[in-house]
Amino acid sequence: MGRLICISNRIPLGPNPSGGLVVALQDVLERTGGIWIGSAAETVEEPAETLTEVEGGPFRRLSFDLSADEKENYYAGHSNSMLWPLFHDRADLIEIRSEYYDAYRTVNRRIARLVATILKPDDRIWVHDFHLLPLAHELRALGAKNPVGFFLHTPFPTPLGLQAMPYGAELCHWLMEYDLVGLQAERDVVHAVGGMQLLGGAELQDDGRMRMGALSTRIAAFPIGIDTDDFARLAATQFDLLPQGIVKPTRQMMIGVDRLDYSKGLPQRFRAFGTFLERNEEWHRHVSLLQISPPTREGVKAYDAIRDELESLSGRVNGRFADITWQPIRYIHRPIPRDTLAGLYRAAHVGLVTPLMDGMNLVAKEFVAAQNPDDPGVLILSRFAGAAEQMEAALLVNPHDEQGVSDTILTALTMPRHERQERWELLMAGVQAQDVHWWSEAFLSALDGAVEGAVDRATQAEEPPQEAEAPTGAA
Ligand code: ADQ
């Protein structure tokens, strides 16, 4: 079998890179002599036209350079200030600038050139996430005929949402150059098929494949999972090591764990908890919310704003309800070691996972995996997380409805043990069956199948690649 070449914006670092994705792919990378390619940790003045070997680690890693200017425009700009809000239904936050688009294309073109230098004919390529949407298009332009799959970790925007992008049609064309486009949830497949029909003029064929001229691709949902058994073991051992005082016999703990991102619905969550305390005085001093939110993407305007908003909201709820023995919200604004996090999930009675929009949301799955089967906690989950499609036994909520979330918190805190166990068993069965190993195997075998059903790439190469115009109207 040929090598697996994984390409993502970030390269997994360190001698023992952690995280479900890497754990899942490590096996196949090692077995096939595969390579992971991602950006170098530090920016350089003049990006090199070569890949750099990253020493150590269980599989081969190569990095590509970015200049400070590219980091600003390709990464912070086009990826995080344009595509991220667009894909999370926040068109009001998108910044459309021609320099962002130019840097995005330049970087993707360079990555393709670099990948082409090491590519063997039987390599399979797996491209990850929205930073690299045009990569297959660029590789094809260089003559690569290898199987190329793409997985989008975020939601896919609605056909209407896609029109907030000045080159939505071009994006559809980029996707058509992949053999397989993997999305998190069925709702994303519906959006992508609709968008590609509306903006790209693509057709959905009887065999389920999309066709646009001579191009053909398969779009399907592959809901990502976690390393469930490993996480469950970790939680069980770490629970006993938690510092004294975290678990109080007379107090229930709710937990929220999210990067500090506007898509995660944190202000709405804090306000809903405030509403709960206002309406349920008997719960004062008997429940607290531990919210762990490490900073991300600092320096991007929308992220600075959410940090300020949360600090003021948690201060307001605590100012109104706290007394000398009880602080309703404990808000921790830094990363916590994964082990401790696992123990904390197990100590919590309720997991509050209420994003406004989320590709999947692995915290929901980690919370379930971490529970004690004899006395499990309750998961409150937003309908707008991709995970909601698989986790119907959770208490599903609309995060915009603060009174509704407040009522659901009461239901969770008072749920009898037998119902908690019934719901948990259903949830755990799903999280175990569709774990991250299932996910990577499902994607890679679908990639093999999709290649067999694809149009011969040699025919496609005769057609000149369609280039749409660069966006105008810089903000
Ligand atoms: P994220 O938006 O980062 O991922 P999520 O799926 O919840 O969201 O994953 C977050 C990960 O970071 C979890 O493993 C969690 O344990 C960890 N984490 C969060 N806060 C932490 C803290 N304070 N300290 C340490 N670790 C912390 C994107 C998409 C998601 C999609 C994933 C995977 O936005 O929708 O589920 O990719 O595809």
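It should be emphasised that the depicted structure is a prediction, and the values quoted were computed from it without experimental measurement.

## Some words on the pairing of strand 14 (residues 350-353)
Then, in step 1: By the alternation rule, side chains of strand 14 split into Val 350 and Leu 352 and Gly 351 and Val 353, which are all buried.
Then, in step 2: One ladder, built from 2 bridges, connects strand 11 (residues 252-257) with strand 14; its direction is parallel. Residue Met 254 lies in a different strand from strand 14, and its bridge partner there is Val 350.
Then, in step 3: Handedness of the crossover joining strand 14 and strand 15 (residues 378-382) through helix 12 (residues 362-370): right-handed.

## Side note on the sheet that holds strand 2 (residues 35-39)
Then, in step 1: The sheet built from 10 strands is open, its strands ordered 3-4-2-1-5-6-7-10-9-8 with mixed pairing. Since the sheet does not close on itself, it has two edges, and those belong to strand 3 (52-54) and strand 8 (203-204), each with one partner.
Then, in step 2: Taken strand by strand, helix 7 (residues 186-198) contacts strand 7 (180-183), strand 8, strand 9 (210-212) and strand 10 (215-221), and its axis lies near 155° from that of strand 10.

## Concerning the site of the ligand
Then, in step 1: What surrounds the ligand is a group of 22 residues, the closest being His 153, Asp 358, Met 360, Leu 362 and Glu 366.
Then, in step 2: In the environment of the ligand, an oxygen atom lies 2.5 Å from a nitrogen or oxygen atom belonging to the side chain of Asp 358.
Then, in step 3: Glu 366 places a polar side-chain atom, nitrogen or oxygen, 2.6 Å from an oxygen atom of the ligand.
Then, in step 4: When the ligand is considered free in solution it has 720 Å² of accessible area, and contact with the protein chains removes 83% of it.
Then, in step 5: Among the residues making up the shell around the ligand, the classes are represented as 12 nonpolar, 4 polar and 6 charged.
Then, in step 6: Each of domain 1 (4-225 + 436-459) and domain 2 (228-433) gives at least three residues to the shell around the ligand.

## Description of unusual backbone geometry
Then, in step 1: In the Ramachandran plot, Asp 129 falls in the positive-phi region, its phi being about 80° despite a non-glycine side chain.
Then, in step 2: Considering the arrangement of structural elements, one finds Asp 129 in the loop between strand 5 (124-128) and helix 4 (135-141).

## Focus on the packing of helix 11 (residues 338-347) against helix 12
Any two packed helices are characterised by how steeply their axes cross, that is the angle between the axes, and by the distance between the axes.
Then, in step 1: Between helix 11 and helix 12, the least distance of the axes is 8 Å, while the angle of their chain directions is 65°. As judged from the angle between their axes, helix 11 and helix 12 are roughly perpendicular. You can see that helix 11 and helix 12 cross each other, and the crossing is right-handed. Facing Arg 338, Ala 342, Tyr 345 and Arg 346 of helix 11, the residues of helix 12 in contact are Val 363, Glu 366, Phe 367 and Ala 370.

## Let's talk about helix 7
Then, in step 1: Here helix 7 is 13 residues long and its end C-alpha atoms lie 18 Å apart, about the 18 Å a rise of 1.5 Å per residue gives.
Then, in step 2: Within helix 7 the residues assigned to the buried category are Arg 187, Asp 188, Val 189, Ala 192, Val 193, Gly 194, Gly 195 and Met 196.
Then, in step 3: Residues of helix 7 that are buried in the fold lie against helix 5 (159-162), helix 6 (168-176), strand 7, strand 8, strand 9 and strand 10.

## Quick notes on the domain arrangement of the protein chain
Then, in step 1: Looking at the assigned domains, one finds that the protein chain contains domain 1 (4-225 + 436-459) and domain 2 (228-433).
Then, in step 2: Here domain 1 and domain 2 have C-alpha centroids that lie 31 Å from each other.
Then, in step 3: If you look at the interface, domain 1 gives 22 residues, while domain 2 gives 21 residues.
Then, in step 4: Roughly 1,600 Å² of surface becomes buried between domain 1 and domain 2 when both sides are summed, with 58% attributable to carbon and sulfur atoms.
Then, in step 5: When the area that domain 1 buries against domain 2 is broken down by residue, the three leading residues are Trp 84, His 88 and Arg 187, summing to 30%.
Then, in step 6: At the surface where domain 1 touches domain 2, the tally comes to 0 salt bridges.
Then, in step 7: Secondary-structure elements contributing two or more residues to the side of domain 1 that touches domain 2 are helix 2 (68-87) and helix 7.
Then, in step 8: Ranked by residue count, the leading element in the side of domain 1 that touches domain 2 is helix 2, at 6 residues.

## What to know about the sheet that holds strand 11
Then, in step 1: Sheet architecture is open: 6 strands sit in the order 13-12-11-14-15-16, paired in parallel fashion. On the outer flanks of this sheet lie strand 13 (329-332) and strand 16 (395-397), each paired with one strand and no other. Between one strand axis and the next, the sheet turns by 20° as a mean value, whatever way the strands run.
Then, in step 2: Both strand 15 and strand 16 contribute to a ladder of 3 bridges, which runs parallel. Its bridge partner being in strand 16, Ser 382 is matched across the sheet by Val 397.
Then, in step 3: Together, strand 11 and strand 12 (287-292) form the strand contacts of helix 11, whose direction differs from that of strand 11 by roughly 140°.

## With respect to the environment of Thr 158
Then, in step 1: Along the polypeptide, Thr 158 turns up in the loop between strand 6 (148-151) and helix 5.
Then, in step 2: Residue Thr 158 is classed as partly exposed on the basis of its relative accessible area of 30%.
Then, in step 3: Remark: the alpha-carbon pair of Thr 158 and Ala 192, spanning 34 residues in sequence, is separated by 7.3 Å.
Then, in step 4: Looking at Thr 158, its side chain comes within polar contact range of the main-chain nitrogen of Gly 161, at 2.9 Å.

## Comments concerning the pattern of salt bridges
Then, in step 1: Per the stated rule, a full pass over the model turns up 25 salt bridges.
Then, in step 2: Between Arg 279 and Asp 407 there is a salt bridge, with the nearest N and O atoms lying 3.0 Å from each other. Here the residue Arg 279 occupies a position in helix 9 (residues 266-279), and Asp 407 occupies one in helix 13 (residues 402-413), the gap between them amounting to 128 residues.
Then, in step 3: Of the residues examined, Arg 279 reaches a relative accessible area of 41% and is grouped as partly exposed.
Then, in step 4: Taking relative accessible area as the criterion, Asp 407 reaches 44% and is therefore assigned partly exposed.
Then, in step 5: A network of salt bridges, in which partner residues are shared, links Arg 105, Arg 109, Glu 138 and Glu 170.

## As for helix 12
Then, in step 1: With 8 of 9 residues buried, helix 12 lies mostly within the body of the structure.
Then, in step 2: Those residues of helix 12 that fall on the buried side of the exposure criterion are Val 363, Ala 364, Lys 365, Glu 366, Phe 367, Val 368, Ala 369 and Ala 370.
Then, in step 3: Elements that come into contact with the buried residues of helix 12 comprise helix 8 (228-239), strand 11, helix 11, strand 14, strand 15 and helix 14 (417-433).
Then, in step 4: The backbone nitrogen of Val 363 has a side-chain oxygen 3.0 Å away, supplied by the residue at the start of helix 12, namely Asn 361.

Procedures and definitions
- Residues numbered from 1 in each chain as written.
- Predicted model: local features only at pLDDT ≥ 70, side-chain atom pairs only at ≥ 80, totals over all residues.
- Heavy atoms only, no water.
- Buried < 20%, exposed > 50% of the residue type's maximum accessible area, 1.4 Å probe, protein only.
- Helix = DSSP H or I, 4+ residues; strand = E, 2+ residues; numbered from the N terminus.
- Pairing = 2+ DSSP bridges.
- Right-handed = clockwise from strand over helix to strand, strands pointing away.
- Contact = heavy atoms within 4.5 Å.
- Axes fitted to C-alpha atoms, helices over the stretch in contact; angles between N-to-C directions.
- Near = heavy atom within 4 Å.
- Polar contact = N/O pair within 3.5 Å; in protein donor to acceptor, adjacent residues only side chain to side chain.
- Areas by Shrake-Rupley, 256 points an atom, 1.4 Å probe, with all protein chains shown as cover.
- Nonpolar A, V, L, I, M, F, W, Y, C, P; charged D, E, K, R; others polar.
- Domains from an automatic or database assignment.
- Parallel < 35°, antiparallel > 145°, perpendicular 65-115°, else oblique.
- Left-handed = near helix turned anticlockwise from the far one by under 90°.
- Expected span 1.5 Å × (residues − 1).
- Buried area = accessible area lost by both parts, 1.4 Å probe.
- Salt bridge = Lys/Arg side-chain N within 4 Å of Asp/Glu carboxyl O.

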